[in-house]
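# Residue-level structural notes
The primary structure of each chain is shown beneath.
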Amino acid sequence: DERARREMISSAGDTALDFLLKILPSMPVPPFDGVREGLVYHLSNLSMAGFKVQKEDIHIEIAGIRAATTKDADGNAASSQSKAVKASELLIIDIKNISATLDDAVWSFEQTYMPYLKGSGKANTKLWDGAIRMKFELRRRIASESDDPVTGEKRTVWEPVLCLNDRFCSIGGIDLLIQGGSRLAWAANKLASLLKNPLRDYVVSVIITVIKNNSAWLVDTLNQSLSPYWDFILRTADIEPESLPRLARHHVTKADSIVEDEVELVWRERLPLGLNILTNDESGYLKVIDLPRGTQARKVAQDKKLDPNLFKGAMIVSVNGKRYGPDNQVDLFAALKDPARPKSILFKLASEDDAKRLNQLVERPHSDMSHSKEQLPSATETSLFTTVQIVNQGEIGIKFGSSPDNFALAVSGFVRDSDDRRLHNENEMSCISENDLLCRVNCISVLGEKGEGKRKGLSVLEKVGNNRPLSLSFVKPYIHTIVIEREENYGSNVGGPSELLFSDMKSSSTSSDNKIILGGFSLAEGVAENNDVFIGDNLVFINGIPVGAGCRLLQGSGPSPKLFEVIDMMKQHSPLALTFARAQTKQASTVKSYLTASPLSLDIESAQTFSIAAPDYSQIGLTFTTGYNGTDVVVKTISGVEGQFQRKMKQTALPLVGCKLEALDGEAIPNYVTSQLVVNAMSRQWSANNRLELTFCDENHRDNVRKCQDSKE
């Protein structure tokens, strides 16, 4: 037993040491942003690569036996019998004397008050006297089930399994050393003193999150290494296997993605915050509905590598370091409306259930999805066959080639007379289009697999093609090939493969083969959104013609056109060169600001300007409103636009929605790939070649055509 005890303690210690030295140092530390005493700070390039721990500082308590992982002079692990054992604390791992060095961290700060000082540089951070405690509970799970050969009753065999129950981390001391000298050394030193405690708490939270997110590896390894000792552990702990609680779904040792409970974002542009806020939530707090596209809020979140949808339902906790409770939400609202920048806002993220509840409360139609099934015709809505009767002598007037799958002859062109009209009855022949499939000649089927349809079609036409009247029946093709080439319009490039919405479907209920189905289209980012135009920006010039605030900038230009005249002007011009003006960050304001999408008053003389180019008005993705003075033209909302993939595929008028993607650039899609892999491959091909060739198959239409292979009209 003593030997088993030593091996068990050593195995658990090795596993814990491997976890700490392999997982923690490899995990990046997200940027650290916030505000304290009027200073908006930022700390990034943080890494746990300098994390250090020694095996002798790891102490294990398992089944009531507490021991260090080091051995005494006789080669035995120093151990002692501990308190009565609880299944919820069967294994406790304590790690002491942890140290870490975080070198070359990048820091910056900005004052939120006069004189608006700012600075940046690098710093070294040292942590010491750290400690981590991890508690593991013992539960039971089903190892196997079988039928009793005598009674026929089901027998269940259980096995013990460890789960992470709790984790704790602390850091005893921290030093933040600013590198080099600076004329703002006093501010940097103040920043260093201010950041010590928040940075320590932040690193602690990162370590705890890393342990939880990666607990699957640790727990799996511990279960594997301790599995030979379960009988010994249960006897030592005096625990009956039947008394162990069952493993529940939330105890499964698969690590889920964990997000921080609180996230801080910093706004620096003197523009609308861009937050859609619910002010009458039953909790009494202001809550975020969403971060609309084209807003500063969405850009700030994306710059921090965060999904804007993460903030749906989030509660606004503080502004510029000041926390607000349910009794002073009016003050919070006023702080949000204050146009001063930079502005730091702390959010408490919503639970999944709370986010769903709020979404149902404010649910509205999704504007980013085009109703593609209504816009594109379905092949099953039209008659399957189109029949033409040729009664006049002479050529048939139709050119044939082979269909892509060699199932039939396909129309490749038409013979025209001297007036460029199709032969025979122009109206009747106009019902036939290129790529239509010839399916019957005088009621004789000319369809067939592996080229049989082509051979039958040529043979029958050779025999009866000169007979009159001649009846030819056609069906629309079920294989469609679309070629899309990148459009470079005045430096703007709208859309791409991400416009295509695919879904994964099983080929049949008993098959594991996957097929990729086109479900519709999503709207693309317009030219304005691609060029970082924000809600609240002022439009001042259209192709050099002053509008709105631009008329105040150019003396003698006369009054600004009305808003509807400005819109008409943009619709009539192609291409478009639009110039926008944006208030400077430090510009003072004497006009009340707004929370979401109301227009700010603009001092055009001191504003910064920038321009964008677009092929036409439809590609901009903006709606406008008038400013408080009734003449300024201000961006009100930013929306998606139809990108070149959607436009090209709609121009074909083919029933592509609901079709299976058969091939990409001539390469067949394997039946084991997922839609995400296909979209990734499309994006790579699109970036490399500026061209994509997509082949779709309408399987329902194909099946209907093949059912008619041997039928009569």
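Quick notes on the rules
Residues numbered from 1 in each chain as written. Predicted model: local features only at pLDDT ≥ 70, side-chain atom pairs only at ≥ 80, totals over all residues. Heavy atoms only, no water. pLDDT = per-residue confidence, 0-100. Contact = heavy atoms within 4.5 Å. Phe/Tyr/Trp six-rings, centres within 6.5 Å; stacked < 30°, edge-to-face > 60°. Helix = DSSP H or I, 4+ residues; strand = E, 2+ residues; numbered from the N terminus. Buried < 20%, exposed > 50% of the residue type's maximum accessible area, 1.4 Å probe, protein only. Lys NZ or Arg CZ within 6 Å of the ring centre and 35° of its normal. Arc of directions from axis to C-beta. Salt bridge = Lys/Arg side-chain N within 4 Å of Asp/Glu carboxyl O. Axes fitted to C-alpha atoms, helices over the stretch in contact; angles between N-to-C directions. Parallel < 35°, antiparallel > 145°, perpendicular 65-115°, else oblique. Left-handed = near helix turned anticlockwise from the far one by under 90°. Polar contact = N/O pair within 3.5 Å; in protein donor to acceptor, adjacent residues only side chain to side chain. Core = buried A, V, L, I, M, F, W, Y, C linked by side-chain atoms within 4.5 Å.

Attention now goes to the confidence of the model for the protein chain. Counting all residues, the mean pLDDT for the protein chain is 80, and 85% of those residues have values of 70 or more. Contacts for the low-pLDDT stretch residues 252-259, under 50 throughout, to residues beyond four places or in other chains number 17 contacts. A low-confidence stretch, residues 587-600 (pLDDT under 50), is modelled with 41 contacts involving residues beyond four sequence positions or located in other chains.

Now for the packing of aromatic side chains. On inspection of all chains with the given rule, the structure shows four aromatic pairs. For the ring pair Trp267 and Phe347, a centre distance of 6.3 Å and an interplane angle of 45° mean the geometry is tilted. With a gap of 80 residues between them, Trp267 in strand S11 (residues 262-267) and Phe347 in strand S16 (residues 343-348) connect regions that are remote in the sequence. For Trp267, a relative accessible area of 0% gives the class buried. When the centroid spacing of 5.3 Å and the interplanar angle of 75° are considered together, the rings of Phe311 and Phe347 count as edge-to-face. Note that Phe311 is positioned in the loop between helix H5 (296-303) and strand S14 (315-319) and Phe347 in strand S16, a separation of 36 residues in sequence. A single burial state applies to Phe311 and to Phe347, both of which are buried. We note Arg440 situated over the ring of Phe385; from NZ or CZ to the ring centre the distance is 4.3 Å.

Within helix H6 (residues 329-337), the full set of buried residues consists of Gln329, Leu332, Ala335 and Leu336. Looking straight down H6, one finds its buried side chains confined to an arc of 110°; they lie on one side. At its buried positions, H6 is contacted by strand S12 (276-278), S14 and S16.

With that out of the way, let us pick up the pattern of salt bridges. Throughout the structure, instances matching the rule amount to 24 salt bridges. We note a salt bridge from Arg582 to Glu269, for which the minimum N-O separation is 3.8 Å. With Arg582 in strand S29 (residues 576-582) and Glu269 in the loop between S11 and S12, this residue pair connects regions lying 313 residues apart in the sequence. A relative accessible area of 6% places Arg582 in the buried class. With relative accessibility at 25%, the residue Glu269 sits in the partly exposed group. The partner of Asp537 in a salt bridge is Arg582, and the shortest N-O contact between them spans 2.8 Å. Linking Asp537 in the loop between helix H11 (527-530) and strand S27 (538-542) with Arg582 in strand S29, this pair joins segments that are 45 residues apart in sequence. For Asp537, a relative accessible area of 0% translates into the label buried. Among the charged side chains, a network of salt bridges with common partners joins Lys515, Glu699, Arg702 and Asp703.

Looking now at the packing of helix H1 (residues 2-22) against helix H3 (residues 215-226). The contact between H1 and H3 brings their axes to 10 Å, and the two run at 160°. One finds that H1 runs roughly antiparallel with respect to H3. In the crossing of H1 with H3, the sense of the turn from one axis to the other is right-handed. In this structure, H1 contributes Met8, Ser11, Ala12, Thr15, Ala16, Asp18 and Phe19 to the contact, and H3 contributes Trp217, Leu218, Thr221, Leu222, Ser225 and Leu226.

Along the chain, Ser560 falls in the loop between helix H12 (550-553) and helix H13 (563-572). The exposure class of Ser560 is buried, given its relative accessible area of 17%. At 2.8 Å, the side chain of Ser560 and the backbone nitrogen of Gly548 are in polar contact. Beyond its immediate sequence surroundings of up to four residues, Ser560 is in contact with Val547, Gly548, Cys551 and Thr631.

Moving on to the environment of Lys304. Its location among the elements puts Lys304 in the loop between H5 and S14. Distance from Lys304 to Val266, taken between C-alpha atoms, is 9.8 Å for residues 38 residues apart in sequence. In this structure, Lys304 is in contact with Pro31, Asp33, Glu264 and Leu265, ignoring residues within four places of it in sequence.

Here we come to the nonpolar core. Counting 66 residues, the largest nonpolar core has Ile132 and Ile233 as the members making the most contacts within it. For this core, the element with the most residues is helix H2 (residues 185-213), which contributes 12 residues. Beyond its immediate chain neighbours, meaning those up to four positions away, Ile233 contacts Met8, Ile62, Ala63, Leu90 and Leu226. If you look at the next biggest cluster of nonpolar residues, it comprises 26 residues, including Ala524, Ile542, Ile567 and Ala614.

This part covers the side chain of Asn223. Along the chain, the position of Asn223 falls in helix H3. A polar atom in the side chain of Asn223 sits 2.8 Å from the backbone nitrogen of Leu162. Leaving out residues up to four positions away in the same chain, Asn223 has contacts with Val161, Leu162 and Trp230.

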